[in-house]
Protein chains: 2
Amino acid sequence: MAGIKDVAKAAGVSVSTVSYVLSGKRSISNKTADRVLDAVNRLNYIPDASARKMRGHLSHVIAIAPGRREVRHSSLSAYFMQTALRAKAGGYDVLLLTGEDPVDDILRVAQSNLADGVVLLDVEENDLRAARAAEYGKPCVCIGFPKDHDDCACVDVDFACMGRLAADRLRDLGHERVVLLRSVEHLSEPMSGYLNLFRDSFIAAAEDRQMVVMESELTEYRNFDANAFVSKYLIPKNGATAIVNQADPSVLNTVLGVLSVSGMDVPQYVSVLSCGTLLDSYPMSKGISEMPITPAVQCSRAMSLLLGAIEEHHDIRGEVDLSVPTFIDRGSLSRAREAQKGGCG
Amino acid sequence: MAGIKDVAKAAGVSVSTVSYVLSGKRSISNKTADRVLDAVNRLNYIPDASARKMRGHLSHVIAIAPGRREVRHSSLSAYFMQTALRAKAGGYDVLLLTGEDPVDDILRVAQSNLADGVVLLDVEENDLRAARAAEYGKPCVCIGFPKDHDDCACVDVDFACMGRLAADRLRDLGHERVVLLRSVEHLSEPMSGYLNLFRDSFIAAAEDRQMVVMESELTEYRNFDANAFVSKYLIPKNGATAIVNQADPSVLNTVLGVLSVSGMDVPQYVSVLSCGTLLDSYPMSKGISEMPITPAVQCSRAMSLLLGAIEEHHDIRGEVDLSVPTFIDRGSLSRAREAQKGGCG
DNA sequence: CATCTGCATCGAAACGTTTCGACAACACGG
DNA sequence: CCGTGTTGTCGAAACGTTTCGATGCAGATG
């Protein structure tokens, strides 16, 4: 509750002197500075945030707008936390936007100067928030890759590249028949482009390499039948020797449970590679090698771009930053078993 | 970028008239009001947030402080979103705090008037953030139940009550032998009181009712062996007829997988009741009846308390609001099977 | 000694609002 | 026609900072 005036009075100096001591923008004698700092500590003075940014100053807040309000994927909080962490490292706080109409919310906080910049999460292929970025009057970064991104920067993993890398890796291990385990997420989020981006590029690359790709059926979560999946794609003579997982960790976990019970060991009998997932925050029944999404990387890059735009006035509109996928070996990949009479059942 | 002065000029009135039209705090003739509103729309005027709260006004921001930065439980984002939703409904935005030192962060945003109030998430039994609430100078609500809560309000599910209700429900269905499936979360979060609160009250209530409670071993996630669990607690002659799950959904899912493969049907062979979890945002292989945590309820109550404190100056320090647990029937409970030669293996 | 330079400090303006007090215009009852 | 009240509007103060320009003073330079 103490203001700068109280500090000034207590230290016996003028208000401006206090301000200069605190900001270091003009030289102040040590003697005076010490008296001022003393008073600051004694009175527990913290400058008022609003008053501070009254002279054309930054609010040091960035707004973060998750997309759909139905949050089923737990990775969302990873993005929240990573964004907040990076923001804090740059001296910014993070404002969470969750209104009915996301665009309205963004407009409000951006135009009222409550926030200096905007990060969009859960960006869909046709994303209204991204399309209207020009109206915000503040720099804007998408984590994701919307079609219309003329007025914002985009940061994402290069999922097309991931598809090719996955195909390469499996082919190099001799896998010729692969099954793609897809999440039911597709049903509820048809627009979330990255899953399709990966899938298409993986299938194209695999076929280039003479591999056979099967795709699991898309069903409701609750109806997913791991037994049926295993019976259909892994047990037959010409079943797959590798699973590429694009599904929710728990779906994969169920499959692993069935494999384990049936004595179809990973990776001896079947290799598993999970792509575009985030398993390390997730208790799997078995270590699964992975080309994960990387919230830390994307958030960090997003924040660099954003802070550059805010503080150095870089124009980041239209910029696209795709990062090369990483691979984490958790031992679930090995050479394809020899073509044999297939299965154990 | 247009300011109130521009609007005033465009409408041909004084600055104060514009302000009164917008706030409705004094009567203004319709004619003038229309002209002003016209100008506001034409210029796309949005008042500057900082300037607005310069005269002793509220910032209409509440700060939300998650506890541990390692976020493995996905329910965190449910709390984020629910808090933000409720806050927005009351006209508040939400600021996400994630600094190294949570107390510092809270002090900073509270004392600088950046936020009008504070919500603490992931509150532990001995929570420093709660203990120091007096210093914030703003009202503070915990979601959780710390020991030292003299200076903040607490909102939580009544986990002791949940333990009793769970015991009652199982006993009424004739279950006399129950196994408690505990999460490994305990290992990493020894202080997170609610799991123990439930456990202790459940065990006490169950023993009161002449039930036998077994407890699964606590191991690392990756080492959790669902087969061993099933063999040890469910297959033997005197095995449990019901599982009370307190563990991570994916651990439970693994168990369900083993049960399903082994032909031990739920609920015919074994009943399952999950407590203190949040399965509906989580794709389980099978519907599991549940006494869930209820982020929406807690966040809503927390926000009511907080807004009451902020806007009506209620003193909410020391207040405790425990909500009665809810039960969701998803069909995984049935009468205990008759004592028989036990198991299928 | 007269200037100049640089340092330390101060007073006041500025930021964009809200709100208080004033006042003119008008209506109404006496 | 005078008080009294109401309505609509305005000017200016206030909020708590930052920062510009000015000033006083000490020491260096001519």
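Every chain is numbered on its own, with residues counted from 1 as its sequence reads. Chains carry letters from A onward and ligands carry numbers from 1 onward, assigned in written order. In keeping with the model being predicted, local features are shown solely for residues with a pLDDT of at least 70 and side-chain atom pairs are shown and tallied solely at 80 or more, while totals for entire chains, interfaces and linings include all residues. Hydrogens and waters are ignored; side-chain quantities use all the structure's heavy atoms.

Caption draft 1: How the structure looks around the interface of chain B and chain A. Any two residues having at least one pair of non-hydrogen atoms within 4.5 Å are treated as being in contact. Tallying the contact residues gives 53 residues for chain B and 53 residues for chain A. Roughly 5,000 Å² is buried in total at the junction of chain B and chain A, and carbon and sulfur atoms are behind 58% of that figure. We define a salt bridge as a contact between a side-chain nitrogen of Lys or Arg and a carboxyl oxygen of Asp or Glu at a distance within 4 Å. Counting the contacts that link chain B with chain A gives 4 salt bridges. Put simply, Lys88 of chain B and Asp105 of chain A hold a salt bridge, and the shortest N to O gap is 2.8 Å. Strands are runs of DSSP state E lasting at least two residues, helices are runs of H or I lasting at least four, and both sets are numbered from the N terminus onward. Of all the secondary structure elements, the ones that give two or more residues to the side of chain B that touches chain A are α4 (49-52), α5 (75-89), β2 (93-96), α6 (102-111) and α12 (249-261) of chain B. When two parts are brought into contact, each loses some accessible area as probed by a 1.4 Å sphere; the total of that loss over both is the buried area.

Caption draft 2: A look at the protein's contact with DNA strand D. It suffices for a single heavy atom of a residue to lie within 4 Å of a molecule or strand for the residue to be listed as near it. The environment of DNA strand D is formed by 28 residues, the closest being Ile4, Tyr20 and Arg26 of chain A together with Thr17 and Thr32 of chain B. Restricting attention to atoms of DNA strand D within 4 Å of the protein, one finds that 51% of them are sugar or phosphate atoms. Think of a polar contact as two N or O atoms within 3.5 Å of one another; within protein, one of them needs to be a possible hydrogen donor and the other a possible acceptor, and neighboring residues in sequence only count if both atoms come from side chains. Ser14 of chain B is positioned with one of its backbone polar atoms (N or O) 2.9 Å from a phosphate oxygen of DNA strand D. Ser27 of chain B places a polar side-chain atom, nitrogen or oxygen, 2.8 Å from a phosphate oxygen of DNA strand D. Those elements that place two or more of their residues in the surface near DNA strand D are α2 (15-23) and α4 (49-52) of chain A together with α2 (15-23) of chain B. Of the residues forming the surface near DNA strand D, the biggest block, 4 residues, is contributed by α2 of chain A.

Caption draft 3: Structural detail: a nonpolar patch on the surface. Candidate patch residues must exceed 30% relative accessible area and have no salt bridge, after which like charges are joined if within 9 Å and Val, Leu, Ile, Met, Phe, Trp or Tyr side chains if within 5 Å. Accessible areas in this description were obtained via Shrake-Rupley with a 1.4 Å probe; residue shielding takes into account the shown protein chains only. Together, Phe145, Leu197, Val320 and Leu322 of chain A make up an exposed nonpolar region whose accessible area comes to about 300 Å². In this structure, Phe145 of chain A sits in the loop between β4 (140-143) and β5 (153-157).

Caption draft 4: Up close: the pairing of strand β1 (residues 61-65) of chain B. Residues and elements named next belong to chain B. Counting buried residues along β1, 5 of its 5 residues qualify, which places the element largely inside the surrounding structure. Going residue by residue along β1, you find Val61, Ala63 and Ala65 tucked away on one face and Ile62 and Ile64 tucked away on the opposite face as well. Note that β1 and β2 share 4 bridges and pair parallel. Within β2, the residue paired with Ala63 across the bridge is Leu95. Paired strands, in this sense, are two strands between which DSSP finds at least two bridges. Examined bridge by bridge, β1 and strand β3 (residues 117-120) share 4 bridges and lie parallel to one another. The residue of β3 that forms the bridge with Ala65 is Leu120. Exposed residues in this analysis have more than 50% of their type's maximum accessible area, buried residues have under 20%, and partly exposed residues fall in between, with area computed by a 1.4 Å probe over protein chains only.

Caption draft 5: Quick peek at the protein's contact with DNA strand C. Taken together, 28 residues lie near DNA strand C, and Thr17, Ser27 and Thr32 of chain A together with Tyr20 and Arg26 of chain B sit nearest. The sugar-phosphate portion of DNA strand C accounts for 51% of its atoms within 4 Å of the protein, the bases making up the rest. Contact between DNA strand C and Ser29 of chain A: a phosphate oxygen at 2.9 Å from a main-chain N or O atom of the residue. Contact distances for DNA strand C include 3.1 Å between a sugar or linking oxygen and a side-chain N or O atom of Tyr45 of chain B. Put simply, the parts of the chain that give the surface near DNA strand C at least two residues each are α2 of chain A together with α2 and α4 of chain B. With 4 residues, the single largest contributor to the surface near DNA strand C is α2 of chain B. A breakdown of the residues in the surface near DNA strand C according to their chemical character gives 11 nonpolar, 10 polar and 7 charged. Note on residue classes: Ala, Val, Leu, Ile, Met, Phe, Trp, Tyr, Cys and Pro are nonpolar, Asp, Glu, Lys and Arg are charged, and everything else, Gly too, is polar.

Caption draft 6: Spatial organisation of the relation of the copies chain B and chain A. A least-squares superposition brings the copies together, and it is based on the C-alpha atoms of residues with pLDDT no lower than 70 in both. Each copy of the sequence occupies a distinct position, and chain B is placed on chain A by a rotation of 180° and an axial shift of 0.1 Å, giving an RMSD of 0.1 Å. The superposition operator between the copies reduces to a two-fold rotation axis.

Caption draft 7: View of the sheet that holds strand β7 (residues 212-215) of chain A. All names here are of chain A. One open sheet holds the 5 strands; their spatial order is β7-β6-β8-β9-β10, and the pairing between them is parallel. If you trace the sheet from one side to the other, it starts and ends with β7 and β10 (289-291), each paired once. Going across the sheet, the axis of each strand differs from the next one's by a mean of 25°, ignoring polarity. Pairing of strand β9 (residues 271-275) with β10 involves 3 bridges; the strand directions are parallel. By the bridge assignment for β10, Leu273 is matched with Ser289. Axis lines are fitted to C-alpha atoms, over the contacting stretch for helices. Their N-to-C directions set the angle, which ranges from 0 to 180 degrees. Sheet strands touched by helix α11 (residues 226-233): β6 (177-181), β7 and β8 (242-245). Its angle to β6, the strand with the most contacts, is close to 160°.

Caption draft 8: The arrangement of the domain arrangement of chain A in detail. Splitting chain A by domain gives domain 1 (4-47), domain 2 (61-157 + 294-323) and domain 3 (159-291). Segmentation of the chain into domains, including their bounds, is taken from an automatic or database domain assignment. Taking only C-alpha atoms into account, the centre of domain 1 of chain A sits 37 Å from that of domain 2 of chain A.

Caption draft 9: Here's a closer look at helix α6 (residues 102-111) of chain A. All names here are of chain A. Those residues of α6 that fall on the buried side of the exposure criterion are Val103, Asp105, Ile106, Leu107, Val109 and Ala110. The opening residue of α6, the one whose side-chain oxygen lies 2.9 Å from the backbone nitrogen of Val103, is Asp101. Trailing α6 by a residue or two, Asn113 shows a phi angle of about 65°, which is positive.

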